[in-house]
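# Tertiary structure, described
Next come the chains, spelled out residue by residue.
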Amino acid sequence: MLKFTPILLAILYALAMYHFSAWRTRKELDARSTELADPALKKLTDRMAAALDLARIRVHIYEIDPVNGLAAPDGRIFITRGFYRKYRNGEVSAEEMASVIAHELGHVALGHSRRRMIDFSGQNALRTALGMVLSRFLPGIGVWIAGALTSLLAARLSRSDEYEADAYAAALLTKAGIGVEAQISLFHKLDALTAKRAGAAPAWLMSHPKTADRVAALEKLEGRWRS
Ligand SMILES: [Zn+2]
């Protein structure tokens, strides 16, 4: 029994972390967000809602500057104030904004946002438990190896989530008659923004795989649907 105590403690710790971070995220989002009311965007989200047989798609504005979109663990979709500003300035089109909303909807529909939260606290537990076990055999570097292994696993998981959310968005945008082009053109725009101001990559791109790979995956889908 004593042998398993560290692992049991790590699991308990992970559960507590999960509840705490879910609660903290919800509180932060509640305090700093409002529902988006934009007639031009609503026209597009209504078309997506019709394609999904939903009454409407609710989108919220999260009052922070970094260009980002996110799907909360409770299923709400957020666009940051910074992203919305780019749209209001005319730097990003309504169709391109719709493609971000569609991508975040994909994360919700495919259960990524809830799982990601579990992933995050699960990662801490795995790192702790693995570190304890490895340290017995490899004192000093066991913890380091455990950390590297856990990060590698997490990166692989989140990469596949992004491709899945992109594919979901592409299908939804196609069905709603908005098209995949906006999705691809937004990737290029955000990429150009990164190139112009080195080190100022939009948060939305940083947490995602390489743009070129994502565009290639979308073009492959588009080609398959066309033929
Ligand atoms: Zn994503």
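Use the structure listed above.
Residues numbered from 1 in each chain as written. Predicted model: local features only at pLDDT ≥ 70, side-chain atom pairs only at ≥ 80, totals over all residues. Heavy atoms only, no water.

## Regarding the side chain of aspartate 38
Test applied: We count a stretch as a helix when DSSP gives it H or I for four or more residues in a row; a strand needs E for two or more, and each element gets its number in order from the N terminus. Burial status follows relative accessibility: with a 1.4 Å probe on protein chains alone, a residue under 20% of its type maximum counts as buried, one over 50% as exposed, and anything between as partly exposed. Definition of a polar contact: a pair of N or O atoms within 3.5 Å, with one able to donate and the other able to accept a hydrogen when the atoms are protein atoms, and with sequence-neighbouring residues admitted only if both atoms are side-chain atoms. The criterion used for residue contact is that any of the two residues' heavy atoms lie within 4.5 Å.
Among the secondary structure elements, aspartate 38 is positioned in the loop between strand E1 (33-35) and helix H2 (39-52). Using a relative accessible area of 7% as the deciding quantity, one classes aspartate 38 as buried. Among the polar contacts listed, one links the side chain of aspartate 38 to the backbone nitrogen of alanine 40, at a separation of 3.2 Å. A distance of 2.5 Å separates polar atoms of two side chains, one belonging to aspartate 38 and the other to tyrosine 84. Aspartate 38 has contacts with Tyr84, Tyr87 and Arg88, leaving out every residue within four places of it along the chain.

## A closer look at the pattern of salt bridges
The condition is simple: Just to be clear on terms, a salt bridge is a Lys or Arg side-chain nitrogen sitting within 4 Å of an Asp or Glu carboxyl oxygen.
Going through the model one piece at a time under the given rule, you end up with 12 salt bridges. Aspartate 30 is paired through a salt bridge with arginine 76; the nearest N and O atoms lie 3.0 Å apart. Within this pair, whereas aspartate 30 is found in helix H1 (residues 5-31), its partner arginine 76 is found in the loop between strand E3 (69-71) and strand E4 (77-80), the two being separated by 46 residues in sequence. In this structure aspartate 30 comes out as partly exposed when scored by relative accessible area, which is 45%.

## A few points about the sheet that holds E1
The criterion, for reference: Pairing between strands is defined by DSSP: at least two bridges between them are needed. Lines fitted to the C-alpha atoms define the axes, with helices restricted to the stretch that makes contact. Angles between their N-to-C directions range from 0 to 180 degrees.
Overall, mixed pairing links the 4 strands, which are arranged E1-E2-E4-E3 in an open sheet. Two strands bound the open sheet, and with one partner strand each, they are E1 and E3. For this sheet, the mean inter-axis angle between neighbouring strands, taken without regard to orientation, is 30°. Contacting strand E2 (59-62), E3 and E4, helix H4 (residues 94-109) runs over the sheet at an angle of about 140° to E4.

## Things to note about a nonpolar patch on the surface
Put simply, the rule reads: The residues that make up patches have over 30% relative accessible area and no salt bridge, and they are joined within 9 Å when like-charged or within 5 Å when they are Val, Leu, Ile, Met, Phe, Trp or Tyr. The accessible surface values rely on the Shrake-Rupley method and a 1.4 Å probe; as for residues, cover is taken only from the protein chains in view.
Together, Phe4, Ile7, Leu9, Ile11, Leu12, Leu15, Met132, Val133, Phe137, Leu138, Ile141 and Trp144 line one region of the surface with nonpolar side chains, adding up to about 1200 Å² of accessible area. Secondary structure elements with two or more residues in the nonpolar patch: H1 and helix H5 (112-137).

## Focus on the packing of helix H3 (residues 81-88) against H4
Here is the rule we go by: Note on terminology: angles under 35 degrees are roughly parallel, angles over 145 are roughly antiparallel, angles of 65 to 115 are roughly perpendicular, and the others are oblique. Crossing handedness follows the turn of the near helix against the far one: under a right angle anticlockwise gives a left-handed crossing, and clockwise gives a right-handed one. Throughout, the ten residues Ala, Val, Leu, Ile, Met, Phe, Trp, Tyr, Cys and Pro are labelled nonpolar, Asp, Glu, Lys and Arg are labelled charged, and all others, Gly among them, are labelled polar.
Taken N-terminus to C-terminus, the directions of H3 and H4 make an angle of 155°; their axes are 9 Å apart at the nearest point. Here H3 lies roughly antiparallel to H4, going by the angle between them. Along this stretch, H3 crosses H4, giving a crossing that reads as left-handed. In contact with Phe83, Tyr84 and Tyr87 of H3, H4 contributes Ala94, Met97 and Val100. When grouped by side-chain class, the residues that make up the contact of H3 with H4 number 6 nonpolar, no polar and no charged.

## With respect to the environment of leucine 173
Summarising the element assignment, leucine 173 is placed in helix H6 (residues 142-175). Relative accessible area serves as the criterion here: at 0%, leucine 173 is assigned to the buried category. Placed 78 residues apart in sequence, leucine 173 and glutamate 95 show a C-alpha to C-alpha distance of 9.1 Å. When near neighbours in sequence (up to four residues on either side) are disregarded, leucine 173 contacts Met48, Ala98, Ser99, Ala102, Ile178, Gly179 and Gln183.

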